[in-house]
Amino acid sequence: MTFKAPDSLAEQIAHHLAERIIRGELQPGERIQEQKVTLALNVSRGSVREALLILERRHLIAILPRRGAHVTELSAHKVQSLCTLMSELYILLGNAVAQRWAVQADLGPFLQIQQRLTASLERQDISAFVEDSFNVMRAAYPFANNPYLQETVENLHPAMSRAYYLALEQRKAAMSEFLALFAQLLDAVLARDLPKIRLVLGSYAQRSCDLVLTALTVA
């Protein structure tokens, strides 16, 4: 595998390993050995070590003394805690868009994402659906103009993607439910209806949490 700019080498390695964890190719509790990653990707051990620190910050691995790096476990408590926090972050972003869009063209990026989500649903492409679900938040960053909020969401994004992917892999039909909720969200943003935004995003987060918890019992 060859890595290129613009991301740093460590970031690219972290992204590669994160994708494997999100898709379940690297299982909870599985050890990630620096030397094996170095040889497999033909990169320096220092870059791999830096990548592992990035993954630890993003809650996908734990690095323990004398035990090295291991993929973190998904527990019910962790999932519920993550969903509770992400719900409030979603609402902050949704409110920012509703309060600050000026012309309907400002909502164009969200409509494009909606089209891509629909196409992913038709293809039953879970990976693309999950990625674009989080691109909704990225499209909202300029409206919020809050670097701390953006950094927090980006650091939690891989952990949430991992949970979300597990849920949809177990129940692909839920993609249509999420797409319907997104349509409701766009209507609420267009109407600048902040209570409805909270209601829709709260429902979205709760449904996501329920699906992940169900998936954990059968995984």
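Model, not experiment: these values are computed from the prediction.

A. Molecular detail of the overall build of the protein chain. Across its full length, the protein chain holds nine helices and three strands. Its helices and strands taken in sequence order, the protein chain reads α-β-α-α-β-β-α-α-α-α-α-α from the N to the C terminus. Over its C-alpha atoms the protein chain spans a radius of gyration of 18 Å, differing by no more than 12% from the 17 Å that the globule rule assigns to 219 residues. Its C-alpha atoms give the protein chain principal-axis dimensions of about 55 × 40 × 30 Å. Every one of the 219 residues in the protein chain was classed for burial, and the buried ones make up 47%. Sequence-distant contacts, at least 24 apart, represent 71% of the contacts inside the protein chain between residues at least 6 apart. Taken as a whole, the protein chain presents about 11,400 Å² of accessible surface, with 53% of it coming from carbon and sulfur. Charge separation in the protein chain, taken as the distance between the mean sites of 23 positive and 22 negative side-chain charges, equals 5 Å.

What counts, and where the lines are drawn
Residues numbered from 1 in each chain as written. Predicted model: local features only at pLDDT ≥ 70, side-chain atom pairs only at ≥ 80, totals over all residues. Heavy atoms only, no water. Helix = DSSP H or I, 4+ residues; strand = E, 2+ residues; numbered from the N terminus. Rg over C-alpha atoms; globule rule 2.2 N^0.38 Å. Buried < 20%, exposed > 50% of the residue type's maximum accessible area, 1.4 Å probe, protein only. Contact = heavy atoms within 4.5 Å. Areas by Shrake-Rupley, 256 points an atom, 1.4 Å probe, with all protein chains shown as cover. Lys, Arg positive; Asp, Glu negative; His and termini not counted. Charge placed at Lys NZ, Arg CZ, Asp CG, Glu CD.

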